[in-house]
Amino acid sequence: METLNFLMQGFDVATRPTNLLVALFGAFVGTVVGLLPGLGPINGVALLLPLAFALGLPPETALILLAAVYLGCEYGGRISAILLNVPGDAAAVMTTLDGYPLARQGKAGIALSLSAVSSFVGSIIATCGVVLFAPLLAKWAVAFGPAEYFVLMIFAIACLGGMVGDKPVKTLMAALMGLALATVGVDSTTGVYRFTFGSVSLSDGIQFVIVVIGFFSVSEILLMLEKTHSGQKAVKASGRLLFNFKEFCLTFWTMVRSAVAGFVIGTLPGAGATIASAMTYMSEKRMAGDKGRFGDGDLRGLAAPEAANNASACGSLIPMLTLGVPGSGTTAVMIGALTLYNITPGPLLFEQQPDVVWGLIASLFIGNVILLIMNIPLVGLFSRMLSVPNWVLVPTITVISMVGVYSVHSTVFDLVLMVGLGVFGYLLRKLDFPLSALILGFVLGEMMEDNLRRALSISNGELGILYGSPITLALWALTVAMLAMPGLRWYLKRRRGNAVEAQA
Amino acid sequence: MYVRVFAAVWLLACAGLALLAWGFEAPFAYDPVGPRAYPLLLLFLMACGAAWLLFKPHGEPTPAFDRAKAQRAVLCVLALLAYALLFEILGFVISTALAGFALGLLFNGRLWPSVISGALLGVLLYGLFDYLLDVPLPLGLLRLLES
């Protein structure tokens, strides 16, 4: 009952005219950013974050804006996946598998509308999950002390290594780089300058906005330089524009199942939408068996990843709001946004800033409705944006990135640092290091060190406090399990490989 | 191959940074850990990872070095750096117009469309940010016109 009251309070916040306007704007921008190949939710949130800050938006409005962009990207990613066979963001890779064949069979309109509805169902189910579980978890999380937090963050990083799968060492390295970048600047407890190389501009640490924009926008520009694929024709959306009742019934349970699975995966710290959509696609394919036409235009193969990636986007807000530990790269950026406002996300957020939390949750419902309404009739407009040529798009992204970084401190040093980090990020991406792990590490860095040192201050330097309580022990066990996953998978694969060989 | 080179460089960087980090001493002990242990721990773990990659660089076989691509990437980085450095000196409008033009050409735009899109970007975005959104941007050279 209490939750319902808070939710009503949240709707009060979210339906204020400015917040509605901001949600509408964010949904639109998010869809556009999501559908442009190469630009994903992190880019969208990173580009708008400095703007929101410079405009002096109150924290709840800024967060609503960013959440709307985040959701919008998950909606937008499918448009280019279906019409162009190019995923608009990483999570939409699975959507191309069945979406593009459908479009080529002249069912683009059906695919687009059905995937919009799947996205909607996924988000709404997951948002209900947030409403139900977030307050519970927040209450429980109050019991977390510094030692528990420290171990929780280690668990989050281990999750990344365990779930991203094929390159655990590189993922962990990237996370460590992020943690190390966060140590630059004055040490908050002792005032010692660390890794500043005598530069005044670095004494404050590296600004979060610079890291995000450098690593994601600038490196993206350099990557786009390589694939100047031009003249790829988008499939024209023709034929029936809306799916019929039978098609909806066929996919309904797929949507629900995928939404629940996506939500659960999203709540795990570190594991994001990409994994959720891949896992649900695979399990739906297995469930359909031989009757499914997965891979050449099965509607269920379209509905499953779309419902799952939206659900996991919403689910990843849970660890962010209740524990202050991001569930995905994009929520890591949102945590950075909150810290710009001097709000520390964590269990106390629910008590101290109910407007922010519940306003955000309520705005998820509103944002989804806006996106659904926007996405069915306006799909023609959005798909036309796919034809914006790179020689207009890239300069625009560049300028907005520069303005975003410049608006924080107004120094040229920051701009140069951004370009430098961008080049570094480009090299890392060429070498196959996942940058979202790096951002996660960077956001967690300061909290992690603070909590470690606070815990050890409490115990007077005794390391036992790090594995003294049942919570820490459980978290350590989970961490070990996560770290063992890649090895286990490798072992199973090899054994299966041997079995096949033995049969042959 | 590239991963190995990177891992070697990173290993050296870790060693260098560790030497630097060794000097972080607080004049007075505020907490039992101090400012030195945590960065050293991170550097040590990173060095372990780099050493692992040095001996087992997995992933796809390295693609051949593409001269033309690399050249374009270097040009793009130079354009971005020049843009960053000239941002305050030339002012937002002029530097943006130039950068928009250069990047437009680099991304296979034709000459005149790139000129026009660069100029439009400079003027329109200045209007958008400075007047509508209240984000102050440097005027640079154009300030001379004002006085």
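Owing to the predicted nature of the structure, the values given are computational and were not obtained by experimental measurement. (Residues numbered from 1 in each chain as written. Chains lettered and ligands numbered in written order. Predicted model: local features only at pLDDT ≥ 70, side-chain atom pairs only at ≥ 80, totals over all residues. Heavy atoms only, no water.)

A.B. asks: Honestly, the packing of aromatic side chains in this entry has me stumped. Any pointers?
C.D. replies: What describes a pair of aromatic rings is the distance from one ring centre to the other and the angle between the planes of the rings. Applying the stated criterion across every chain, the model contains 19 aromatic pairs over all chains. Their ring planes at 65° and their centres at 5.7 Å tell us that A:Phe144 and A:Tyr149 sit as a pair that is edge-to-face. Ring geometry for A:Phe252 and A:Trp253: centres 5.3 Å apart, planes at 75°, overall edge-to-face. Every member of this aromatic cluster is reached through a ring pair, and the members are A:Phe215, A:Phe424, A:Phe433, B:Phe6 and B:Trp10. Stacked on the ring of A:Phe433, the Lys or Arg A:Lys170 has its end atom at 5.8 Å from the ring centre. (Phe/Tyr/Trp six-rings, centres within 6.5 Å; stacked < 30°, edge-to-face > 60°. Lys NZ or Arg CZ within 6 Å of the ring centre and 35° of its normal.)

A.B. asks: Sorry if this is basic, but what is going on with the domain arrangement of chain B here?
C.D. replies: For an interface, size is often stated in terms of accessible area lost upon the parts coming together. Each assigned domain of chain B is listed with its residue range as follows: domain 1 (2-55) and domain 2 (67-146). The centre of domain 1 of chain B, based on its C-alpha atoms, is set 39 Å off from the matching centre of domain 2 of chain B. (Domains from an automatic or database assignment.)

A.B. asks: I'm lost on helix α10 (residues 273-288) of chain A in this one. Help?
C.D. replies: Two residues of an α-helix separated by three or four positions point the same way, owing to the 3.6 residues in each turn. Relative to the 22 Å expected for 16 residues at 1.5 Å per residue, α10(A) spans 22 Å between its end C-alpha atoms, a close match to the ideal helical length. Immediately beyond the C-terminal end of α10(A), within one or two residues, lies A:Gly289, with a positive phi of roughly 65°. (Helix = DSSP H or I, 4+ residues; strand = E, 2+ residues; numbered from the N terminus. Expected span 1.5 Å × (residues − 1).)

A.B. asks: Explain the UniProt feature "transmembrane region" (unreviewed entry) in chain B here, please?
C.D. replies: Here, the residues flagged by UniProt with the feature "transmembrane region" (unreviewed entry) are residues 37-55, 75-105 and 111-133 of chain B. From the first C-alpha to the last, residues 111-133 of chain B spans 31 Å; its make-up is 96% helix and 0% strand. (UniProt positions renumbered as here; feature names shortened; annotations may be inferred.)

A.B. asks: Would you take a moment to explain the packing of helix α8 (residues 208-226) of chain A against helix α13 (residues 329-340) of chain A for this structure?
C.D. replies: The axes of two packed helices give the description: the angle between them and the distance between them. Residues and elements named next belong to chain A. Where α8 contacts α13, the axes come no closer than 10 Å and their chain directions differ by 155°. The angle between α8 and α13 falls in the class roughly antiparallel. Handedness of the crossing formed by α8 with α13: left-handed. For the pair α8 and α13, contact is made by Phe208, Val209 and Val212 and by Ala332, Val333, Gly336, Ala337 and Leu340, respectively. (Axes fitted to C-alpha atoms, helices over the stretch in contact; angles between N-to-C directions. Parallel < 35°, antiparallel > 145°, perpendicular 65-115°, else oblique. Left-handed = near helix turned anticlockwise from the far one by under 90°. Contact = heavy atoms within 4.5 Å.)

A.B. asks: When you look at the environment of A:Ala46 in this model, what are you seeing that I'm missing?
C.D. replies: All names here are of chain A. One can find Ala46 in helix α3 (residues 41-54). Taking relative accessible area as the criterion, Ala46 reaches 2% and is therefore assigned buried. It is 11 Å that separates the C-alpha atoms of Ala46 and Gly30, two residues lying 16 residues apart in sequence. Residues in contact with Ala46, not counting those within four places in the same chain, are Val212, Ile213 and Val333. (Buried < 20%, exposed > 50% of the residue type's maximum accessible area, 1.4 Å probe, protein only.)

A.B. asks: Got a minute to help me understand the layout of surface pockets in this structure?
C.D. replies: The rolling of a water-molecule-sized probe over the atoms marks out the regions of remaining empty space. Residue and element names in this part refer to chain A. Reported here for the second largest pocket is a volume of approximately 1,300 Å³. Thr339, Val443, Glu446, Met447 and Asp450 are, among the 45 residues lining the second largest pocket, the residues nearest its centre. For the lining of the second largest pocket, the secondary-structure elements that each account for two or more residues are α6 (146-164), β1 (185-186), α13, α14 (349-352) and α19 (435-458). Top contributing element to the lining of the second largest pocket by residue count: α19, with nine residues. Here the lining of the second largest pocket is composed, by residue class, of 23 nonpolar, 15 polar and seven charged. (1 Å grid on protein atoms, 1.4 Å probe; cavity = no way out; pocket = protein on both sides within 12 Å on 5 of 7 lines; lining within 4 Å. Points joined across faces, edges and corners; volume = space filled by probe spheres on them. Nonpolar A, V, L, I, M, F, W, Y, C, P; charged D, E, K, R; others polar.)

A.B. asks: Is there a simple way to explain the environment of A:Leu176 in this structure?
C.D. replies: Inspection of the secondary structure puts A:Leu176 in helix α7 (residues 168-181). When the C-alpha atoms of A:Leu176 and A:Gly464 are compared, they prove to be 24 Å apart, with 288 residues separating the residues in sequence.

A.B. asks: Explanation requested: the nonpolar core in the structure shown.
C.D. replies: Among soluble globular proteins, nonpolar side chains are generally buried collectively. Core analysis: the biggest nonpolar cluster contains 206 residues, and A:Met177, A:Met334, A:Phe433 and B:Phe92 have the highest contact counts within it. With 16 residues, helix α5 (residues 93-141) of chain A is the single largest residue contributor to this core. When residues of this core are assigned to domains, at least three fall in each of domain 1 (2-55) and domain 2 (67-146) of chain B. Residue contacts for A:Phe433: discarding those within four places in its chain leaves A:Lys170, A:Met173, A:Ala174, A:Met177, A:Leu428, B:Phe6 and B:Leu53. (Core = buried A, V, L, I, M, F, W, Y, C linked by side-chain atoms within 4.5 Å.)

A.B. asks: Looking at this structure, how should I read the interface of chain A and chain B?
C.D. replies: Contacts between the two partners involve 59 residues from chain A, matched on the other side by 60 residues from chain B. Summed over both sides, the interface of chain A with chain B buries roughly 5,300 Å², with 83% coming from carbon and sulfur. Seen at the junction of chain A and chain B, the total is zero salt bridges. At the surface where chain A touches chain B, the tally comes to three residue pairs in polar contact (both at pLDDT 80 or more). No other element matches the 11 residues that helix α17 (residues 390-409) of chain A contributes to the side of chain A that touches chain B. Looking at side-chain class alone, the side of chain A that touches chain B contains 38 nonpolar, 13 polar and eight charged residues. (Buried area = accessible area lost by both parts, 1.4 Å probe. Salt bridge = Lys/Arg side-chain N within 4 Å of Asp/Glu carboxyl O. Polar contact = N/O pair within 3.5 Å; in protein donor to acceptor, adjacent residues only side chain to side chain.)

A.B. asks: Mind showing me how you'd approach helix α4 (residues 59-84) of chain A here?
C.D. replies: Residue and element names in this part refer to chain A. Relative to the 38 Å expected for 26 residues at 1.5 Å per residue, α4 spans 37 Å between its end C-alpha atoms, a close match to the ideal helical length. Taken across its 26 residues, α4 has 25 buried, putting it largely inside the fold. Within two residues after α4, Asn85 carries a phi angle of roughly 65°, on the positive side.

A.B. asks: Teacher, can you tell me more about the pattern of salt bridges here?
C.D. replies: Any two side chains of opposite charge can pair, given that their charged atoms come close. All names here are of chain A. In total, this model carries eight salt bridges over all chains according to the counting rule given. Between Arg194 and Asp187 there is a salt bridge, and its shortest N-O distance comes to 3.7 Å. A residue is classified by how much of its surface remains accessible, and Arg194, at 2% relative accessible area, is buried. Judged by relative accessible area, Asp187 falls into the buried class, the value being 3%. A salt bridge links Arg429 to Glu220; its shortest N-O distance comes to 2.9 Å. Placement of the pair is Arg429 in helix α18 (residues 412-430) and Glu220 in helix α8, with a sequence separation of 209 residues. Relative accessible area serves as the criterion here: at 25%, Arg429 is assigned to the partly exposed category. Linked by salt bridges that have partners in common, Asp187, Arg194, Glu449 and Arg453 make up one network.

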